[in-house]
Amino acid sequence: MKPSRFEYVLPRSIEEAVAARVEHADTVVLSGGQSLVPTLNFRLSNPEAVIDLRLVPGLDDVRVEGEWIHVGGRTRQRDLELDDAVHAANPLIRETLHHVAHPVIRNRGTVGGSIAHADPSAELPCLLLCLDGEVVAHGPSGARTIDAQDLFEFILSTTLEPDEILTEVRFPVLPERTGWCFTEFARRHGDFALAGVAATLTLADDGTIAWGQLAACGVTTTPVRLVAVEDALLDDAADPSRFREIAALAADVVTVPDDESCSSAYRRDLLVGLVERALRTSWQRATERATARTSREVTS
Amino acid sequence: MTSSTYRSPVNDDPTLDISLVVNGRPVEASVSPRLLLSDFLRHHLGLTGTHVGCEHGVCGACTVHIDGRAARSCLTLAVQLDGATVRTVEDLEGPDGSLSPVQAAFRDCHGLQCGFCTPGFLMSVTALLDEDPDVADASDAEIRERIAGNLCRCTGYQGIVAATRQAAETLRDAKEQADGTTQG
Ligand SMILES: Cc1cc2nc3c(=O)[nH]c(=O)nc-3n(C[C@H](O)[C@H](O)[C@H](O)COP(=O)(O)OP(=O)(O)OC[C@H]3O[C@@H](n4cnc5c(N)ncnc54)[C@H](O)[C@@H]3O)c2cc1C
Ligand code: FES
Ligand code: FES
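Scoring rules and cut-offs
Residues numbered from 1 in each chain as written. Chains lettered and ligands numbered in written order. Predicted model: local features only at pLDDT ≥ 70, side-chain atom pairs only at ≥ 80, totals over all residues. Heavy atoms only, no water. Helix = DSSP H or I, 4+ residues; strand = E, 2+ residues; numbered from the N terminus. Buried < 20%, exposed > 50% of the residue type's maximum accessible area, 1.4 Å probe, protein only. Contact = heavy atoms within 4.5 Å. Areas by Shrake-Rupley, 256 points an atom, 1.4 Å probe, with all protein chains shown as cover. Salt bridge = Lys/Arg side-chain N within 4 Å of Asp/Glu carboxyl O. Polar contact = N/O pair within 3.5 Å; in protein donor to acceptor, adjacent residues only side chain to side chain. Nonpolar A, V, L, I, M, F, W, Y, C, P; charged D, E, K, R; others polar. Patch = residues over 30% accessible without salt bridge, like charges linked within 9 Å, V, L, I, M, F, W, Y side chains within 5 Å. Pairing = 2+ DSSP bridges. Phe/Tyr/Trp six-rings, centres within 6.5 Å; stacked < 30°, edge-to-face > 60°. Domains from an automatic or database assignment. Buried area = accessible area lost by both parts, 1.4 Å probe. Lys, Arg positive; Asp, Glu negative; His and termini not counted. Charge placed at Lys NZ, Arg CZ, Asp CG, Glu CD. Axes fitted to C-alpha atoms, helices over the stretch in contact; angles between N-to-C directions.

### A look at the overall build of chain A
Then, in step 1: Scanning chain A from terminus to terminus reveals 11 helices and 14 strands.
Then, in step 2: With the principal axes as the frame, chain A shows a C-alpha extent of 60 × 50 × 35 Å.
Then, in step 3: Burial analysis of chain A (300 residues in total) assigns 56% to the buried set.
Then, in step 4: Partitioning the contacts of chain A with sequence separation of at least 6, the portion at a separation of at least 24 is 63%.
Then, in step 5: Put simply, chain A shows about 12,800 Å² of open surface, and 51% of that area lies on carbon and sulfur atoms.

### Focus on the interface of chain A and chain B
A common measure of how large an interface is: the accessible area buried when the components associate.
Then, in step 1: Contact with chain A, which involves 28 residues of that partner, is made by 31 residues of chain B.
Then, in step 2: Viewed at the interface, chain B and chain A are joined by 5 salt bridges.
Then, in step 3: A salt bridge links glutamate 55 of chain B to lysine 2 of chain A; the nearest nitrogen and oxygen atoms lie 2.6 Å apart.
Then, in step 4: Summed over the shared surface of chain A and chain B, the result is 11 residue pairs in polar contact (both at pLDDT 80 or more).
Then, in step 5: For the side of chain A that touches chain B, the secondary-structure elements that each account for two or more residues are helix H2 (36-41), helix H3 (77-82) and helix H6 (103-106) of chain A.
Then, in step 6: Across the side of chain A that touches chain B, the residue classes break down as 11 nonpolar, 7 polar and 10 charged.

### Section: unusual backbone geometry
Then, in step 1: The backbone of aspartate 132 of chain A sits at a positive phi, close to 60 degrees, despite the residue not being glycine.
Then, in step 2: With respect to the helices and strands, aspartate 132 of chain A occurs in the loop between helix H8 (123-130) and strand E6 (134-139).
Then, in step 3: Positive phi, close to 55 degrees, is recorded for histidine 110 of chain B, a residue that is not glycine.

### Digging into a nonpolar patch on the surface
Then, in step 1: Residues Phe154, Ile155 and Leu156 of chain A make up a contiguous nonpolar surface patch of roughly 280 Å² in combined accessible area.
Then, in step 2: Mapped onto the secondary structure, phenylalanine 154 of chain A falls in strand E8 (residues 152-154).

### With respect to the pairing of strand E5 (residues 69-72) of chain B
Then, in step 1: Across 4 bridges, strand E4 (residues 63-66) of chain B lies against E5 of chain B in antiparallel orientation. Following the sheet pairing, histidine 65 of chain B is matched in E5 of chain B by alanine 70 of chain B.

### A look at the environment of glycine 94 of chain B
Then, in step 1: With respect to the helices, strands and loops of the structure, glycine 94 of chain B is situated in the loop between strand E6 (85-87) and helix H2 (101-108).
Then, in step 2: Measuring from C-alpha to C-alpha, the distance between glycine 94 of chain B and leucine 75 of chain B comes to 28 Å, with 19 residues separating the pair along the chain.

### Section: the packing of aromatic side chains
Then, in step 1: On inspection of all chains with the given rule, the structure shows 3 aromatic pairs over all chains.
Then, in step 2: Consider the rings of phenylalanine 243 of chain A and tryptophan 283 of chain A, whose centres lie 6.4 Å apart with planes at 75 degrees: the pair is edge-to-face. Residue phenylalanine 243 of chain A is found in helix H10 (residues 243-247), and its partner tryptophan 283 of chain A is found in helix H11 (residues 264-299); the two are separated by 40 residues along the sequence.
Then, in step 3: Joined through ring pairs, the aromatic side chains of Phe106, Phe121 and Tyr157 of chain B make up one cluster.

### Considerations on the domain arrangement of chain A
Residue and element names in this part refer to chain A.
Then, in step 1: Partitioning chain A into domains gives domain 1 (7-52), domain 2 (62-172) and domain 3 (178-299).
Then, in step 2: Three residues, His99, Cys126 and Cys130, lead the burial of domain 2 against domain 3; their summed loss comes to 24% of the area buried on that side.
Then, in step 3: Our count for the domain 2 to domain 3 interface comes out at 7 residue pairs in polar contact (both at pLDDT 80 or more).
Then, in step 4: Looking at the side of domain 2 that touches domain 3, the elements with two or more residues in it are helix H5 (91-97), H8 and E8.
Then, in step 5: Looking at the side of domain 2 that touches domain 3 residue by residue, the class counts come to 14 nonpolar, 6 polar and 5 charged.

### Some points on the pattern of salt bridges
Then, in step 1: Under the criterion given, the structure shown has 29 salt bridges over all chains.
Then, in step 2: Ionic pairing is found between aspartate 13 of chain B and arginine 5 of chain A, a salt bridge with its closest N-O pair at 2.7 Å. Of the two residues, aspartate 13 of chain B is situated in the loop between strand E1 (2-5) and strand E2 (16-22) and arginine 5 of chain A in the segment before strand E1 (7-9); the pairing between them involves two chains.
Then, in step 3: Residue classification places aspartate 13 of chain B among the buried positions, given a relative accessible area of 3%.
Then, in step 4: In this structure arginine 5 of chain A comes out as partly exposed when scored by relative accessible area, which is 45%.
Then, in step 5: One salt bridge in this structure joins arginine 225 of chain A and glutamate 230 of chain A, with 2.7 Å as the shortest N-O distance. For the pair formed by arginine 225 of chain A and glutamate 230 of chain A, the shared burial category is buried.
Then, in step 6: Linked by salt bridges that have partners in common, Arg78, Glu81 and Arg106 of chain A together with Glu131 of chain B make up one network.

### Some details on a negative patch on the surface
Then, in step 1: A surface patch of like charges, here negative, comprises Glu7, Glu23, Asp26 and Glu48 of chain A.
Then, in step 2: Mapped onto the fold, aspartate 26 of chain A is located in the loop between helix H1 (14-23) and strand E2 (27-30).

### A word on the sheet that holds strand E3 (residues 49-52) of chain A
All names here are of chain A.
Then, in step 1: Spatial strand order, E1-E3-E2: 3 strands in an open sheet with parallel pairing. The sheet is open, and its two edges are formed by E1 and E2, each paired on a single side. Here the strands of the sheet are splayed against their neighbours by 25 degrees on average, with no regard to which way each runs.
Then, in step 2: This element, H1, spans E1, E2 and E3 of the sheet and lies at about 150 degrees to E2.

### Comments concerning helix H1 (residues 37-44) of chain B
Residue and element names in this part refer to chain B.
Then, in step 1: With 6 of 8 residues buried, H1 is to be regarded as a mostly interior element.
Then, in step 2: Looking only at H1, the buried set comprises Leu37, Ser38, Asp39, Phe40, Leu41 and His44.
Then, in step 3: After H1 finishes, the residue glycine 46 shows a positive phi value of roughly 70 degrees.

### Describing the pairing of strand E5 (residues 68-72) of chain A
Along a regular strand, successive side chains alternate from one face of the sheet to the other.
Residues and elements named next belong to chain A.
Then, in step 1: Within E5, 4 of the 5 residues are buried, leaving the element largely enclosed by the surrounding structure.
Then, in step 2: With 4 bridges joining them, strand E4 (residues 62-65) and E5 adopt antiparallel strand pairing. By the bridge assignment for E5, arginine 63 is matched with histidine 70.
Then, in step 3: Between E4 and E5, which pair antiparallel in sequence order, lie 2 residues; one of them, glycine 66, sits at a positive phi of approximately 60 degrees.
Then, in step 4: Across 5 bridges, the pairing between E5 and strand E10 (residues 165-172) is antiparallel. Bridged to glycine 72 within E10 is glutamate 168.

Structure representation (structure tokens):
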């Protein structure tokens, strides 16, 4: 099985890349190729032109600046995973990346490619949504910023326009007094998960839960925020003894029907179990972080 | 320097010139943009040690090193490699033809039966041990997880796990010895 014929475009700037998007009726962007090339090989996609981003400068810069982590769209997943400054700023990112495919795939696969591809089972879109991240897209009329909430539309479909290129992904720095967790269930490590959950949990000064942010992948046509769970965490009475009952509120977001890997009912149960685990782990880490901070303040 | 123009018999695609380094040798070629690196290595350069199983990234048989990192040659276009350095399984043996520590461990531990998956495993495990010498201390379950990106239809993996551990130990011992010599 081999790709059908296409024109190969190798732009040297983002403007040239956008111009190529406009010029050809049907283009795809080659970033890491780890999702695109399989579809070319099987001729599931037969584009007129393939725009290879590899020579566009600046697309693999990573920097932590104030409250944001800026990640160039073409940054390899593996490079982001190994970046210690990023890990210090938000440890949920490395934990999530460990669940994306295998290291050999992450060596080539890129952060922007995974988000633009928008597989509903993919971990990075779920992470972006959980953290209230954003992306920058360049099009014929310049750059615009899109909130994660407004990005994911349907299976493999985003609100990026066909003539736009995703150039940057921004993840917030993890706030203080906050715990985190990414957990998923896949039949083999590295496979796409049957369901996955990204979570952060922030404590108030008195150690009670201030708020939580949770998103799930693999359960419906896009990554999805677990709003019912988040609302329940805002309740004054929310504490770890109620995590099981709060987690149960996640079940209703599942719309994936019975499929060859599991029934819909199983997936609902799985999601609830993962949410409970994510809450407990986040709680524990938040408590540890809050105590470590307090003891630092006392000693200094 | 190797230089040639590869055209598959059935297409008259326009070609692009690329130059890269394969197994330490400079290579220049004119290739169709839709030519996969796996086919470039096998058909153009005659490096048939790189095997092709699934062509969608799942089996790992086609794994090579690109710029020092393990990667799927079936998910890379040859034109993407202009200016890159590629290493294939043919380059693992020593100059005198002796097996590399990873190759020797696969032979010693029965890490192969039919051998179809072996080049991919050798390249993945070689990269893994370069990055992380502590694999020698990992549990079997951890090693299985670390090599889960490669599939084998024959062995049931026991031999492959054992080979990975043995190679990790050999490499660590060699490194400790080398460090000892330079310090003493
Ligand atoms: C065996 C295997 C297992 C995998 N397992 C997982 C997994 O468990 N979880 C997971 O999340 N992923 C998994 N993946 C997918 C992998 O993470 C891909 O790297 C990722 O989905 C796509 O990133 P890429 O850089 O390779 O993008 P590419 O393959 O280059 O592009 C993918 C798509 O996005 C578009 N695109 C890319 N970049 C841009 C851009 N800058 N602007 C606009 N559009 C763009 C392209 O047009 C294309 O349609 C797996 C892949 C393989 C081969
Ligand atoms: S042939 Fe490349 S991964 Fe299977
Ligand atoms: S030895 Fe036959 S596939 Fe692995």
